[in-house]
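Report on the structure
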Amino acid sequence: MEASSERNISTLVHLSTLTQYFIPFGNYIFPIILWSAKKNDSEFIDYNGKQVLNFQLSMLLYSLILGVIAVPIIIYTVLQNLTINDIINENHHVFNEVHLGKLSGFAVLLISAIIVFGFMKIMEFILIIYASVKTSNGERYKYPLTISFFK
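Residues numbered from 1 in each chain as written. Predicted model: local features only at pLDDT ≥ 70, side-chain atom pairs only at ≥ 80, totals over all residues. Heavy atoms only, no water.

1. Brief notes about the overall build of the protein
Inclusion rule: Numbering of helices and strands starts at the N terminus; helices are DSSP runs of H or I of at least 4 residues and strands are runs of E of at least 2. Exposure categories follow from relative accessible area, calculated using a 1.4 Å probe and restricted to protein chains: below 20% of the type maximum is buried, above 50% is exposed, and the middle band is partly exposed. We call two residues in contact when some of their heavy atoms are within 4.5 Å.
Within the protein, the regular secondary structure consists of five helices and zero strands. Ordered by position in the sequence, the α and β elements of the protein form the string α-α-α-α-α. The burial tally for the protein puts 33% of its 151 residues in the buried class. Once local pairs closer than 6 in sequence are excluded, the contacts in the protein between residues at least 24 apart make up 70%.

2. A closer look at the environment of Asn48
Using the following cut-off: Under the rule applied, a polar contact is a pair of N or O atoms within 3.5 Å (in protein, one hydrogen donor and one hydrogen acceptor; residues adjacent in sequence only if both atoms are side-chain atoms).
The topology assignment puts Asn48 in helix H3 (residues 43-79). Since its relative accessible area comes to 0%, Asn48 is described here as buried. Sequence spacing of Asn48 and Ser132 is 84 residues, and the spatial spacing of their C-alpha atoms is 9.7 Å. Those residues in contact with Asn48 that lie beyond four places of it in its chain are Ser10, His14 and Thr135. Only 2.8 Å separates the side chain of Asn48 from the backbone oxygen of Phe44, close enough to count as a polar contact.

3. Observations concerning the packing of aromatic side chains
The criterion, for reference: Only centres within 6.5 Å qualify two rings of Phe, Tyr or Trp (six-membered ring in Trp) as a pair; their planes then separate them into stacked at under 30 degrees, edge-to-face at over 60, and tilted for everything else.
Using the criterion set out here, one finds four aromatic pairs in the structure. An angle of 80° between the planes, with centres 5.3 Å apart, marks the rings of Tyr130 and Tyr141 as edge-to-face. You can see Tyr130 sitting in helix H5 (residues 105-136) and its partner Tyr141 sitting in the segment after H5, a full 11 residues away along the chain. On the basis of relative accessibility, which here comes to 41%, the residue Tyr130 falls in the partly exposed class.

Listed below in structure tokens is the structure:
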């Protein structure tokens, strides 16, 4: 296999993670398919496939951690204004009484988790493009803050 075709396939493995914006779990499915089909043909493709999957699994783990923080806080923040009588009588006015002045430390933590998640997704997009450019130039790129699931 030529070096240019190895670079092209490796770049495609990186870029295939962007399918997550169109196809659920595309960021795992397509890189796995491309990597597993060509990993035995080239060490460069094998290296890049592992880097892509390690990065995507790390992003999943970080997202789950943020979700574990955010979801209970969302539930607590919404339910703190409800009483049993409101639930039984199906009073819908409860949600009208939520004001910014009533934000608790939990709500601030929730907003922080949402901001961190948004920043993380923006950085993920930028790093995928950056890794693709580096790979197309024949360089080995290792994503930052990535846990090595595949070695």
